[in-house]
Amino acid sequence: MKDDFTFDSFEVTKANSKAFEKAKQFAENAASKPLAIFGGTATGKTHLLYAVKNKIEQNTPELHVILTTAVDMASALANTISNGGTAEQFREQYMQADVLLVDDIQTLTGKEATQDELILLFNSFCESGKRFMMTSSQKETLNGLNDRLFSRAFWGDSAEITTAYIKAESNKIG
């Protein structure tokens, strides 16, 4: 099913065209800066993440792309630690990726330990020239996300989707 989420199947509207173009550029340009897509529920952020993953895997199959959620990352960190592993082992599993795509970063609100690990992970991605893209329903840093995480995750490029994707028909460009 997630293979159906492509740029061709994305309904481009006035409210999401900037995010669509930036996601497409990110998928096609190996030298892309980190990208953050902001928007409320049902605005198409996850569709764009999968479209990026599918496009990269289609154009450059030798690249290893990991698409995950912030909730799954927090769970993976907790599982690694509770099974006697280290935070470094947690980060190493994600550093295997050439491109890291993380959905719903806002779910880490109040999870300081996980946020601290992601800061280290994103620093490593930047230092090694790897790419990452994230989505969030919150654009402000005052909602419980560590300022350092926010600045690492979103220091690159960003776009905001302002209207729910479900209403795409009435907002169609063209």
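Everything below is about the structure printed above this text.
What counts, and at which threshold
- Residue numbers run consecutively from 1 along every chain, following the written order of its sequence.
- Under the rules for a predicted model, residues below a pLDDT of 70 receive no local features and side-chain atom pairs below 80 are neither given nor counted, while totals for whole chains, interfaces and linings still include all residues.
- No hydrogens and no water enter the side-chain calculation; it runs on all heavy atoms of the structure.
- The rule for pairing is simple: two strands pair if DSSP sees at least two bridges between them.
- Note on conventions: DSSP H or I runs of at least 4 residues are helices, E runs of at least 2 residues are strands, and numbering of each starts at the N terminus.
- Helix axes are fitted to C-alpha atoms over the stretch in contact, other axes to C-alpha atoms as well, and angles between N-to-C directions run from 0 to 180 degrees.
- Note on contacts: a residue pair is in contact if any heavy atoms of the two residues lie within 4.5 Å.
- Throughout, exposure labels follow a simple rule: accessible area from a 1.4 Å probe, protein chains only, divided by the maximum for the residue type, with under 20% read as buried, over 50% as exposed, and the rest as partly exposed.
- Pairing of aromatic side chains requires ring centres within 6.5 Å, counting the rings of Phe and Tyr and the six-membered ring of Trp. Pairs whose planes differ by under 30 degrees are stacked, by over 60 edge-to-face, and all others tilted.

A. The sheet that holds strand 3 (residues 99-103), seen in detail. The 5 strands are arranged 2-3-4-1-5 in an open sheet whose pairing can be described as parallel. Of all the strands in the sheet, the pair left with one neighbour each is strand 2 (65-69) and strand 5 (157-161). Direction aside, neighbouring strands of the sheet carry axes that sit 10° apart on average. Pairing analysis gives 5 bridges linking strand 1 (residues 35-39) to strand 5, with the strands arranged parallel. When the sheet's bridge partners are listed, G39 is paired in strand 5 with I161. Against the sheet, helix 3 (residues 70-82) touches strand 2 and strand 3, its axis set at about 90° to strand 2. Contacting strand 3 and strand 4 (131-136), helix 5 (residues 112-127) crosses the sheet at an angle of about 140° to strand 4.

B. Structural detail: unusual backbone geometry. A positive phi angle, close to 65°, is found at A42, a residue other than glycine. Residue classification places A42 among the partly exposed positions, given a relative accessible area of 35%. The phi angle at D104 is positive, at roughly 60°, despite the residue not being glycine. Turning to its location among the elements, D104 is positioned in the loop between strand 3 and helix 5.

C. Structural view of the packing of aromatic side chains. Scanning the entire structure with this criterion turns up 6 aromatic pairs. Pairing F122 with F132 gives two aromatic rings, centres 4.7 Å apart and planes at 15°, and the pair type is stacked. Taken together, the residues F122 in helix 5 and F132 in strand 4 connect sequence positions 10 residues apart. F132 shares its class with F122; the two are buried.

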